[in-house]
Amino acid sequence: MLSLERVSARYGAFQALFDVSLQVNAGESVAVIGPNGAGKTTLLRVISKLVEPHDGELRFESEDLNPVPAHEVLARGIAHVPENRRLFPRLTVEENLRMGGFPRFCRPRFAERLEVAYALFPRLKERRRQPAGTLSGGEQQMCAIARALMSDPKLLLLDEPSAGLSPVMVQAIFELVRRICAEGYTVLIVEQNIRQVLKVASRAYLLDAGRIKAKGPSQELLQSEEIRRTYLGL
Amino acid sequence: MTELLDIYLLEAVLNGLLLGGLFALLSLGLNLIFGVIDVVWICYAELMMCGMYAVYYLYVQFHWPLALAMLAAIGIVALLGFLLHQFVIRPVLAAEPINQLLVTGGVLFFLQAAATLAFGIDFRNLGLALPALRVGDMSFSAARLIAFGVALLGVLGLFLFLNRTYVGTAIRAISQDRAVMPLMGVSGPRIFAITSALGGALAGLGACLLVLQYDVHPAIGLSFGPIVFLICVLGGLGNLLGGFAAAFVFAQFISIGGYFFAIEWGYVIAFAFFIAAMFWRPRGLFSR
């Protein structure tokens, strides 16, 4: 479904990604793990075209994404929950969800998608008239995920959904991610919480200093001696 | 004698209310542009001047029906707002605020000079004689009543648009987080262009209401520009509700001040109040 072939990206003179190749198949949940500053967020930003790839090939459902401008990526079926959630704090929860369904093709199905979102996140329904800025961190993360689901995407990109949350909320968010995967959404998730995300994703890539250092089924990576020592501190 | 005084004071208060409605509408477009695009259109009142000339020429010279002339004027100023954004604001969107202020200031003098060349320095008016409404000993000009009514409708219309439509919601959203908009499938430049045309249309609507009451000449913008700008600052630049309330506060200072002294003193008092307010509440009367 999604394939990156030797993709490089840079910010000015700083190169953030080196020859990254990665595949996501329909129905899969794939994780990209790695330490802080490894280039995980940049990788997702390249896929949504917020960052232009410097080199390499980017394809989604056999279409070349390179010439597609960022604001047309959502209509191709890729929704992105960005780092730090990036809700519109002074819009209500429901208005935030409305923004997630902004493209014209989404509008006739707004009511239907809203029900799907509220079924998945009942808390949001209770708070639908509240400004998003007044939600707790966990609720904000739910709202950000719900917003991305409004367009019924083929591929969901999740950037550090557990960042900055309390341990209880981290558990709840991973449980939700598990449910989203179980409902058949294709998910590419980026996380620093390696142990948790490997329980949710079926496959994973290890990204370090902008390069793919390892890849494979989650169970294999969890048992790899090197990963346990270097990245899990065991 | 005291009774007489009271009724004229009441008249002044009510006229201040009518003036406040007009000011509220005049400040709306400028405030919207600042709130969303973060740029001050210093030449905003000159856009209104262009709209006033458009109504004048279409109605007086080309004998269009007044309503049609006004609709066309709103369209023309909306187009001017769009062009202003595309050709003047967009290139300096990432520049220092002072540069943005200077380019729109340049447009102010450009429009003034161009209007002088094109239309001459004569004062022109529509030649309408609108009746005055008399209530007891008080009198209110129909032009002011119409302006007040249309201004309130305009304000209401804008609020409904911003709250009830997808594009309106996107306009509010982009003022809160510009960079995330592409992830919503929204083209930021397109929303800015729409907002600019909307700001222009509001300036055009303001022009229609002004031309009912005032003569148009190339420097008319200088009579209203500072007031409109100060009202926006008083309400907290970019805060639409604050600007709305500030318009009424400012108009009462002019109207009641004008009742106790002379109308010029009304302006002096209003501007003195503005300066004092800037010491006391520098981020606007209604800032939180």
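Bear in mind the structure is a predicted one, so any value in this text is a computation, not a measurement.

(A) Structural detail: the nonpolar core. Membership of the largest hydrophobic core comes to 169 residues, with the highest contact counts inside it found for Met52, Val55, Ala73 and Val77 of chain B. In this structure valine 77 of chain B touches Leu47, Cys50, Gly51, Gly200, Ala201, Ala203, Gly204 and Ala207 of chain B, once residues within four positions along its chain are discounted.

(B) Expanded view of the sheet that holds strand β4 (residues 55–60) of chain A. Residues and elements named next belong to chain A. Pairing is antiparallel across the open sheet formed by four strands, whose spatial order is β2-β1-β4-β5. Strands at the two margins of the open sheet, each flanked by one partner only, are β2 (14–24) and β5 (63–64). Bridge count for β4 against β5 is two bridges, and the pairing is antiparallel. Residue pairing across strands places arginine 59 opposite aspartate 64, the latter belonging to β5.

(C) Layout of helix α7 (residues 167–182) of chain A. Residue and element names in this part refer to chain A. A rise of 1.5 Å per residue sets the reference length of α7, with its 16 residues, at 22 Å; its end C-alpha atoms lie 23 Å apart and thus fit the reference within 8%. Residues Ile173, Val177, Ile180 and Cys181 constitute the buried set of α7. Along α7, the residues classed as buried sweep out an arc of 100° about the axis, all on the same side. Exposed positions of α7 whose direction lies more than 90 degrees from the buried face are Val168, Glu175, Arg179 and Ala182.

(D) Broad picture of the sheet that holds strand β9 (residues 203–208) of chain A. All names here are of chain A. Read across the sheet, six strands follow the order β6-β7-β8-β3-β9-β10 without closing on themselves; strand pairing throughout is mixed. The open sheet is flanked by β6 (78–81) and β10 (211–217), the only strands paired with a single partner. If you compare each strand with its neighbour and ignore which way they point, the axes differ by 15° on average. With respect to the sheet, helix α1 (residues 40–47) is in contact with β3 (29–33), β6, β7 (155–159), β8 (186–191) and β9, its orientation differing from that of β7 by roughly 150°. Across the sheet, helix α6 (residues 137–149) touches β6 and β7, and the angle it forms with β6 is around 170°.

(E) A look at helix α7 (residues 188–213) of chain B. Along its 26 residues, α7 of chain B runs 38 Å from first to last C-alpha, staying within 8% of the 38 Å computed at 1.5 Å per residue. Within α7 of chain B, 20 of the 26 residues are buried, leaving the element largely enclosed by the surrounding structure.

(F) View of the packing of helix α5 (residues 142–164) of chain B against helix α6 (residues 166–174) of chain B. Residues and elements named next belong to chain B. Axis separation between α5 and α6 bottoms out at 5 Å; the angle between their running directions is 85°. What the angle tells us is that α5 and α6 run roughly perpendicular. Each of Phe161, Leu162, Asn163 and Arg164 in α5 lies in contact with α6, whose residues at this interface are Gly168, Ile171 and Arg172. Here the residues of the contact of α5 with α6 sort into three nonpolar, two polar and two charged.

How each quantity is defined
Residues numbered from 1 in each chain as written. Chains lettered and ligands numbered in written order. Predicted model: local features only at pLDDT ≥ 70, side-chain atom pairs only at ≥ 80, totals over all residues. Core = buried A, V, L, I, M, F, W, Y, C linked by C-beta atoms within 7 Å. Buried ≥ 20, exposed ≤ 12 C-beta atoms within 10 Å, placed from the backbone. Contact = placed C-beta atoms within 7 Å. Pairing = 2+ DSSP bridges. Helix = DSSP H or I, 4+ residues; strand = E, 2+ residues; numbered from the N terminus. Expected span 1.5 Å × (residues − 1). Arc of directions from axis to C-beta. Axes fitted to C-alpha atoms, helices over the stretch in contact; angles between N-to-C directions. Parallel < 35°, antiparallel > 145°, perpendicular 65-115°, else oblique. Nonpolar A, V, L, I, M, F, W, Y, C, P; charged D, E, K, R; others polar.

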